[in-house]
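These are the residues of each chain, in order.
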Amino acid sequence: MDPKTLLDPLGLDALYITRPENVRYLSGFPHPEDAQALVTQEGAFLLTDPRYPEAGRESRIPAKVLRREEKEEVFRGLKGRVGFEAEHLPYAALERLRELAPAEWVPTKGVIERLRLKKTPEEVERIRAAQALAEEALAHALGLLKPGVAEREVALEIEFFLRKRGAGVAFPPIVASGERGALPHAGASEKPLGRGELVTLDLGARVEGYHSDMTRTVALGQVNGELKRAFFAVLEALEKALEALGPGKSAKEVDALARKALERHGLDRYFVHSLGHGVGLAVHEGPALSPYSEDTLEPGMVVTVEPGVYLPGVGGVRIEELVLITATGIELLSRSPRDWQEV
Ligand code: ZN
Ligand code: ZN
C-alpha cells in the first residue's frame, strides 16, 4: 500500500491504527492486540513491545520492537495532522498522545475498514479454509444431537473439534433448542435437547485471523406445525436473497426481498435482525445487508445471508449461508445441506 494514496485524500500527515483487525490487515502480524500500526508519508510500520522479539519476521511491514519510553519517543516526533481511530482509541490514551506529540490529532472512522470490504484471493482462501473446518465441525455436532444431551456439551464439542485441528472459534458456538431458539443470540445453555424440538447451530472457525460463519436449524425427531412452516418460510427468504445477490446489487434491496418473502407468510415481524454482514478479519464487518445499509455489493466481498424467524415462547429458525460475491454472481462458500433435516 502506498501511504500517500491512504493519507492524502484525508489530508493527513500520518495515521495511527489501534484496532487489532486493522493492525493485522496492514501487517499480517499475528498478535495485533499487542501492537499498533503507524502510517506516515514515508511508509507504514508496526509498533510492538519486547514480548514479541520475532515481530520483524512475523510482520509484512517493518516492525519496531520498543520499550515504553522508546515508543513515546516515536510519538514525540510526530508533526502536522495525525489521524487516529476514533472508535478504537481510549480517551485516556488520546490524552497521553496529546501530551507527548505536538501534532493535531484528528478523529477518523472506517478508513481501514473500507479497504477490508473487498477480499484478496489470499484472504478468501483463509475464509474458505475456516469454512471447510466449520463444515466438518457441524457434521460432527449433528452426529451428537440426541434427547438429553445439553446444548453446552454440543457447543463444547464444536469448540474442541476446531481447536484440535489447529483452528480457533470465530465466536462461542450457538446451540439453541426448543423455546431457546427464539433468542437470536442464545449462546448455549445447560438445557438438555428434547425430542420434537428444533435445534439451531450457529458456528464459525478462525484461521490465520480470518473467520467463517454459518447456521443450520435441524429437527430432533419429528417437528410439525408452526415451526416447520417457519422453517420453510425462512428457507424461501434465504433462496430469494441468494438469487438476487451479486455484484452491483444494493444490499438494502436484497434485505428487503428476504423480508418480503417472510411477509407473505405473515412472519416478517419475527425477523428481528439484519439479513447479513461481511465476514473477514472480524466476524461482523462491512458491508451490511440491512434496511439501513447504503452499501453496494462488489466482487471480492464475503457476506452472510441469514434470515431468521423467532417466535417468543415457541422457538426459532435461522439458516445462514456464507457467500463470496464474484464478478458474475455469487459463489456459495458454505456447503452443508440446508434443507429440512430430521436427526
Ligand atoms: Zn452466524
Ligand atoms: Zn452471521
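First, a word on scope: everything that follows refers to the structure included in this document.

**What about the layout of surface pockets?**
Estimated volume of the largest pocket: approximately 400 Å³. Lining the largest pocket are 16 residues, and of these Arg-24, Tyr-25, Leu-26, Gly-28 and Arg-60 lie nearest its centre. Elements that contribute at least two residues to the lining of the largest pocket include exactly α2 (20–27) and α7 (121–142). The residue inventory of the lining of the largest pocket, partitioned by class, reads 8 nonpolar, 2 polar and 6 charged. When residues of the lining of the largest pocket are assigned to domains, at least three fall in each of domain 1 (3–116) and domain 2 (121–332).

**Topic: the packing of aromatic side chains**
Tallied over the full model, the rule gives 6 aromatic pairs. Measuring from centroid to centroid gives 6.4 Å for Tyr-16 and Trp-105, while their planes differ by 75°, and the two rings are edge-to-face. A residue pair is termed long-range when its members are at least 10 positions apart, and Tyr-16 in strand β1 (residues 14–17) and Trp-105 in strand β6 (residues 104–108) qualify at 89 residues. No difference in accessibility class separates Tyr-16 from Trp-105, as the two residues are buried. Consider the rings of Phe-231 and Phe-232, whose centres lie 5.3 Å apart with planes at 75°: the pair is edge-to-face. Taken together, the ring pairs in this structure connect Tyr-16, Phe-75 and Trp-105 into an aromatic cluster. The ring of Phe-161 carries Arg-165 above its face, with NZ or CZ at 3.7 Å from the centroid.

**A look at the nonpolar core**
In this structure, Leu-245 and Val-305 are the most contacted members of the largest nonpolar core, which totals 35 residues. Per-element tally for this core: the top contributor is helix α9 (residues 226–244), with 10 residues. Excluding residues within four positions of it along the chain, Leu-245 makes contact with Val-254, Leu-289, Leu-297, Val-303, Val-305, Val-323, Ile-325 and Ile-330. Counting residues in each nonpolar core, the second largest holds 29 residues, with Val-23, Tyr-25, Ala-37 and Val-39 among its members.

**What to know about the coordination of the zinc ion (ligand 2)**
Coordination of the zinc ion (ligand 2) by the protein is provided by Asp-213 (OD), His-277 (NE2), Glu-306 (OE) and Glu-320 (OE), with metal-donor distances spanning 2.1 to 2.2 Å. For the zinc ion (ligand 2), the donor residues sit on a single chain with the sequence spacing D-x63-H-x28-E-x13-E. Here the zinc ion (ligand 2) and the zinc ion (ligand 1) are spaced 3.2 Å apart, and both take Asp-213 as a donor. On the criterion of sequence distance, the pair formed by Asp-213 in the loop between β11 (210–211) and β12 (214–220) and Glu-320 in the loop between β17 (315–318) and β18 (321–325) is long-range, its members being 107 residues apart. As far as burial versus exposure is concerned, Asp-213 and Glu-320 are alike and both buried.

**A closer look at the pattern of salt bridges**
Under the definition given, this model contains 31 salt bridges. Across the pair Glu-208 and Arg-126 runs a salt bridge whose closest N-O atoms are separated by 3.2 Å. Of this pair, Glu-208 sits in the loop between β10 (205–207) and β11 while Arg-126 sits in helix α7, and the two are 82 residues apart along the sequence. A salt bridge links Glu-294 to Lys-252; its shortest N-O distance comes to 3.5 Å. Residue Glu-294 is found in the loop between β14 (285–289) and β15 (302–305), and its partner Lys-252 is found in helix α10 (residues 251–263); the two are separated by 42 residues along the sequence. Through salt bridges with shared partners, one network takes in Arg-68, Glu-72, Arg-96 and Glu-99.

The rules we used
Residues numbered from 1 in each chain as written. Chains lettered and ligands numbered in written order. Predicted model: local features only at pLDDT ≥ 70, side-chain atom pairs only at ≥ 80, totals over all residues. Heavy atoms only, no water. 1 Å grid on protein atoms, 1.4 Å probe; cavity = no way out; pocket = protein on both sides within 12 Å on 5 of 7 lines; lining within 4 Å. Points joined across faces, edges and corners; volume = space filled by probe spheres on them. Helix = DSSP H or I, 4+ residues; strand = E, 2+ residues; numbered from the N terminus. Nonpolar A, V, L, I, M, F, W, Y, C, P; charged D, E, K, R; others polar. Domains from an automatic or database assignment. Phe/Tyr/Trp six-rings, centres within 6.5 Å; stacked < 30°, edge-to-face > 60°. Buried < 20%, exposed > 50% of the residue type's maximum accessible area, 1.4 Å probe, protein only. Lys NZ or Arg CZ within 6 Å of the ring centre and 35° of its normal. Core = buried A, V, L, I, M, F, W, Y, C linked by side-chain atoms within 4.5 Å. Contact = heavy atoms within 4.5 Å. Donors = N, O, S within 2.8 Å, 3.2 Å for Na, K, Ca; no water. Salt bridge = Lys/Arg side-chain N within 4 Å of Asp/Glu carboxyl O.

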